Amino acid sequence: MRNQTRVGEFILLGITDVQGLQRFCFITFLLLYLTCLLGNGAIVTVVICEPRLHTAMYFFLGNLSCLDIFYSTVTVPKMLTGFLFGPQPISLGECLAQLHFFHFLGSTEAVLLATMAYDRYVAICNPLRYALVMSPRTCLLLAGACWSTGFVHAMMHSVMTSQLSFCAHNHIHHFFCDIKPLLNLACSNTSLNMSLLNIVTTTIALGPFILTVLSYLYIISFLVQKVRSQKGRWKPFCTCASHLTVVALLYIPALFNYAQPSSGSSLDRDVPVSLLYSAVTPVLNPLIYTLRNQEVTSALKKMLWRKLFRGGK
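Residues numbered from 1 in each chain as written. Predicted model: local features only at pLDDT ≥ 70, side-chain atom pairs only at ≥ 80, totals over all residues. Heavy atoms only, no water.

Some thoughts on the pattern of salt bridges
Side chains that differ in sign of charge can pair as their charged atoms come close.
So, point 1. Taken as a whole and judged by the stated rule, the model has four salt bridges.
So, point 2. With its nearest N and O atoms 2.9 Å apart, the salt bridge here joins Asp119 to Arg120.
So, point 3. The exposure class assigned to Asp119 is buried, which follows from its relative accessible area of 1%.
So, point 4. With its nearest N and O atoms 3.3 Å apart, the salt bridge here joins Lys180 to Asp270. Highlighted residues: Lys180 in helix H6 (residues 179–185) and Asp270 in helix H9 (residues 264–292), separated in sequence by 90 residues. For the residue pair Lys180 and Asp270, the accessibility class agrees, reading buried in each case. (Salt bridge = Lys/Arg side-chain N within 4 Å of Asp/Glu carboxyl O. Buried < 20%, exposed > 50% of the residue type's maximum accessible area, 1.4 Å probe, protein only. Helix = DSSP H or I, 4+ residues; strand = E, 2+ residues; numbered from the N terminus.)

If you want it as structure tokens, here you go:
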């Protein structure tokens with residue numbers, strides 16, 4: 001047997017090693033992260049505190065905001081530390097934990113967006129049965145299925161990656177422990193891991209994406225055929241526009257990242273694409289929903305006014 005040095009620690013090289021650019025990136029991503037926490041936290045708070053938002057649509061929106069807070073927290077704090085102190089050491093256990101939670105939360109969000117599309121389909125195309133179909137029990141079951149699917153999918157990757165042997169190089173050309181960079185560092189056979197990544201992960205992203213597109217095609221067809229007035233069409237279109245924007249921001253970069261085979265050039269592209277859906281998209285989600293959703297906006301204003309009025313007293 002060859003004498004191989006087993007790697008127990010990795011070095012996250014981050015996005016850039018240019019000192020001036022690191023300062024700029026630190027300030028930019030710190031502001032984005034704080035905005036993410038504030039915006040998504042506000043949505044979770046208003047959905048819980050405002051009784052008229054206790055509906056299926058806002059229940060799922062609250063879940064989405066929770067996911068975005070956790071999802072961003074998995075990668076951004078470590079990345080910010082790297083901007084300040086340079087390449088960051090991370091143990092194998094911490095690396096696997098980061099990988100697990102990143103894919104757990106990411107795949108949960110992918111399935112949740114498809115569930116939200118189905119909710120909009122029922123609300124717009126079958127409004128008389130909406131309360132019956134999307135009952136509180138059904139909403140809890142659907143949300144539980146989303147979180148469970150994400151957990152099982154991430155656990156598959158975590159277990160498979162933990163079985164690999166890592167030796168020699170331990171520098172990860174990324175700002176967090178993702179699957180493809182780790183597979184490139186492994187000195188054991190990764191064919192099963194690559195199959196899992198290319199088939200299962202692509203299915204987790206592509207399946208919900210297709211269901212989401214079909215839901216919105218049905219909605220558009222229904223609005224064109226059944227709703228004659230422009231005013232009657234406008235509100236459903238506005239409600240769905242925010243959801244479609246979020247869908248595009250998550251599914252398209254994820255499919256671009258994981259549906260392609262791993263190579264040196266693809267890994268260089270993976271970093272900016274990963275930044276888009278791990279650090280930028282969680283910030284845009286609350287802005288998209290609050291700016292395009294009058295109910296959320298008015299509920300936020302009402303809650304802020306109530307807090308300020310009480311504070312004034």
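A few points about the pairing of strand E2 (residues 88–91)
So, point 1. Where burial is concerned, the two faces of E2 differ: the one with Gln88 and Ile90 is buried and the one with Pro89 and Ser91 is not.
So, point 2. In terms of strand pairing, strand E1 (residues 9–12) meets E2 through four bridges, oriented antiparallel. Opposite Ile11, over in E2, you have Pro89 as the bridge partner. (Pairing = 2+ DSSP bridges.)

Considerations on the sheet that holds strand E3 (residues 171–172)
So, point 1. Strand order in the open sheet made by the three strands is E2-E1-E3, with mixed pairing throughout. Each having just a single partner strand, E2 and E3 make up the two edges of the open sheet.
So, point 2. Note that E1 and E3 share two bridges and pair parallel. Of the residues in E3, the one forming a bridge with Ile11 is His171.
So, point 3. Strand contacts of helix H2 (residues 56–85): E1 and E2, with the helix running at about 140° to E2, the strand carrying the most contacts.
So, point 4. Strands in contact with helix H3 (residues 92–125) are E1, E2 and E3; relative to E2, the strand with the most contacts, it is inclined by about 90°. (Contact = heavy atoms within 4.5 Å. Axes fitted to C-alpha atoms, helices over the stretch in contact; angles between N-to-C directions.)

Regarding the packing of H2 against H3
So, point 1. Direction vectors running N to C along H2 and H3 enclose 160°, while the axes themselves pass 10 Å from each other. Accordingly, the angle class assigned to the pair H2 and H3 is roughly antiparallel. Where H2 crosses over H3, the handedness of that crossing is left-handed. (Parallel < 35°, antiparallel > 145°, perpendicular 65-115°, else oblique. Left-handed = near helix turned anticlockwise from the far one by under 90°.)

A closer look at the confidence of the model for the protein
So, point 1. Summary statistics for the protein give a mean pLDDT of 86 and a share of 92% for residues scoring 70 or more.
So, point 2. Between the elements of the protein, mean pLDDT differs from a low of 74, seen in helix H10 (residues 294–312), to a high of 95, seen in helix H5 (residues 136–162). (pLDDT = per-residue confidence, 0-100.)

Description of the packing of H3 against helix H7 (residues 191–226)
So, point 1. Relative to each other, H3 and H7 sit at 15°, their axes nearing to 9 Å. When the interaxial angle is binned, H3 and H7 end up roughly parallel. Where H3 crosses over H7, the handedness of that crossing is left-handed. Facing Ser107, Ala110, Val111, Leu113, Ala114, Ala117, Tyr118, Arg120, Tyr121, Ile124 and Cys125 of H3, the residues of H7 in contact are Ile204, Pro208, Leu211, Thr212, Ser215, Tyr216, Tyr218, Ile219, Phe222 and Leu223.
So, point 2. Taken together, the residues of the contact of H3 with H7 break down into 17 nonpolar, three polar and one charged. (Nonpolar A, V, L, I, M, F, W, Y, C, P; charged D, E, K, R; others polar.)

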